[in-house]
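Close look at the chain arrangement
The residues making up each chain are set out below.
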Amino acid sequence: MSPPSRRLQTKPVITCLKTFLISYSLIFWFTGVILLAVGVWGKVSLEAYFQLASEKSTNAPYVLIGTGAIVVIFGLFGCFATCRGSPWMLKLYAMFLILVFLAEFVAGISGFLFRHEIKAVLGDAYKDAVTNYNTTDPKSSAVDTIQRTLYCCGVSSYKDWNTTKYFKDNGVPVSCCKANVVCSVENLKDLDKARDVVYDTGCFSLVTTLMESNLGIIAGISFGIAFFQLIGVFLSCCLSRYITNNQYEMV
């Protein structure tokens, strides 16, 4: 057992580390709640954009929801491990934080490096969805959602619909109609008349700009959160080392 003087010097250090680590774990837990909220929001609000970029509905929102749930659980685990003062629990918590750091760091780099490529893929997918629009497949539904929410029409303008098979039978899609404007089939089949009742802004630039800016924000947040994990790793390792070396049991 260490001398009383040494124990008196060690106890305040451990108490201080414990306070910092519990505070960190609570913040870490809160980031998990944020990831859960973003995942749910992405599933509800961004499904149309994800739908265009893949043949099937993307699992990206579910990945965020799952990651958020895991972070919430381990945030609580970090608080429990700190209160117990268990070295092996603290080491396990530090290992988890390292894994989260690596995953978020790679995700941030990927989002930053491939944001232009993802923009191009999404743009090509949108053009293909407009060309093959038929109102029945999921990508056509995604086009309708985007046109309604972004107040746009076609790829570059509403005139792009003139080259599609759908236009020959039905004219410009109803999803292009301006708010509070009644669109008749007659107007939608005539480009000159459609000009007054549909949005004249193309969706391509709006969609790609929106996705590129969001990817940049996500990459920045990923980098910030990733480096935030290093603080937890440092605190966990320090507390575990002090407890092990001084054989001090937390109360």
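Here, every reference points to the structure presented above.
So, here is what we can say about the structure in this document. None of these values were measured; they are calculated from a predicted model.

Rules of the game
Residues numbered from 1 in each chain as written. Predicted model: local features only at pLDDT ≥ 70, side-chain atom pairs only at ≥ 80, totals over all residues. Heavy atoms only, no water. Helix = DSSP H or I, 4+ residues; strand = E, 2+ residues; numbered from the N terminus. Contact = heavy atoms within 4.5 Å. Areas by Shrake-Rupley, 256 points an atom, 1.4 Å probe, with all protein chains shown as cover. Disulfide = S-S within 2.5 Å. Buried < 20%, exposed > 50% of the residue type's maximum accessible area, 1.4 Å probe, protein only. Core = buried A, V, L, I, M, F, W, Y, C linked by side-chain atoms within 4.5 Å. Patch = residues over 30% accessible without salt bridge, like charges linked within 9 Å, V, L, I, M, F, W, Y side chains within 5 Å. Salt bridge = Lys/Arg side-chain N within 4 Å of Asp/Glu carboxyl O. Polar contact = N/O pair within 3.5 Å; in protein donor to acceptor, adjacent residues only side chain to side chain.

**Topic: the overall build of the chain**
In terms of regular secondary structure, the chain is built from 10 helices and zero strands. The secondary structure elements of the chain, listed N-terminal to C-terminal, are α-α-α-α-α-α-α-α-α-α. Counted over contacts in the chain with a minimum sequence separation of 6, partners at least 24 positions apart contribute 71%. Summed over all atoms, the accessible surface of the chain reaches about 14,000 Å², with 66% contributed by carbon and sulfur.

**What to know about the state of the cysteines**
In a disulfide, the sulfur atoms of two cysteines are covalently bonded to one another. One pass over the full model with this rule turns up three disulfides. With cysteine numbering restricted to those in disulfides and following the sequence, the chain has the pairing 1-6, 2-3, 4-5.

**Here we look at the environment of Cys177**
Note that Cys177 resides in the loop between helix H7 (165-170) and helix H8 (185-188). Using a relative accessible area of 13% as the deciding quantity, one classes Cys177 as buried. C-alpha separation for the pair Cys177 and Cys153, spaced 24 residues apart in sequence, amounts to 8.5 Å. Leave out the neighbours within four places in its chain, and Cys177 touches Cys183, Leu188, Val197, Val198 and Tyr199.

**Section: the nonpolar core**
In terms of nonpolar packing, the biggest core is built from 27 residues, with Tyr126, Val143, Cys153, Trp161, Val172 and Val198 touching the most fellow members. Sorting the residues of this core by element identifies helix H5 (115-131), helix H6 (138-150), H7, helix H9 (191-194) and helix H10 (203-246) as the ones contributing at least two each. In terms of residue count, H5 provides more of this core than any other element does, four residues in total. Once residues within four sequence positions are removed from consideration, Val198 is found in contact with Tyr158, Val172, Cys176, Cys177, Lys178 and Leu188. Residues Phe28, Val71, Met89 and Leu97 belong to the second largest nonpolar core, which totals 20 residues.

**Observations concerning a nonpolar patch on the surface**
On the surface, Trp29, Phe30, Val33, Ile34, Val38, Trp41 and Leu76 cluster together to form a nonpolar patch covering roughly 630 Å² of accessible area. For the nonpolar patch, the element with the highest residue contribution is helix H1 (residues 4-45), accounting for six residues. Within the secondary structure, Ile34 sits in helix H1.

**Some thoughts on unusual backbone geometry**
Positive phi is not limited to glycine here, since Tyr151 has a value of about 55°. Summarising the element assignment, Tyr151 is placed in the loop between H6 and H7. Looking at Tyr151, the relative accessible area reads 52%, which means it is exposed.

**Overview of the side chain of Ser86**
Summarising the element assignment, Ser86 is placed in the loop between helix H3 (60-84) and helix H4 (87-113). The class for Ser86 is buried, based on a relative accessible area of 10%. Polar side-chain contacts of Ser86 include one of 3.0 Å to the side chain of Trp88.

**Considering the environment of Val172**
Relative to the helices and strands, Val172 is located in the loop between H7 and H8. Val172 sits in the buried class, given a relative accessible area of 1%. Sequence separation between Val172 and Leu191 is 19 residues, and the spatial gap between their C-alpha atoms is 8.2 Å. Beyond its immediate stretch of four places on either side in the chain, Val172 contacts Cys153, Tyr158, Trp161, Tyr166, Phe167, Leu188, Leu191, Ala194 and Val198.

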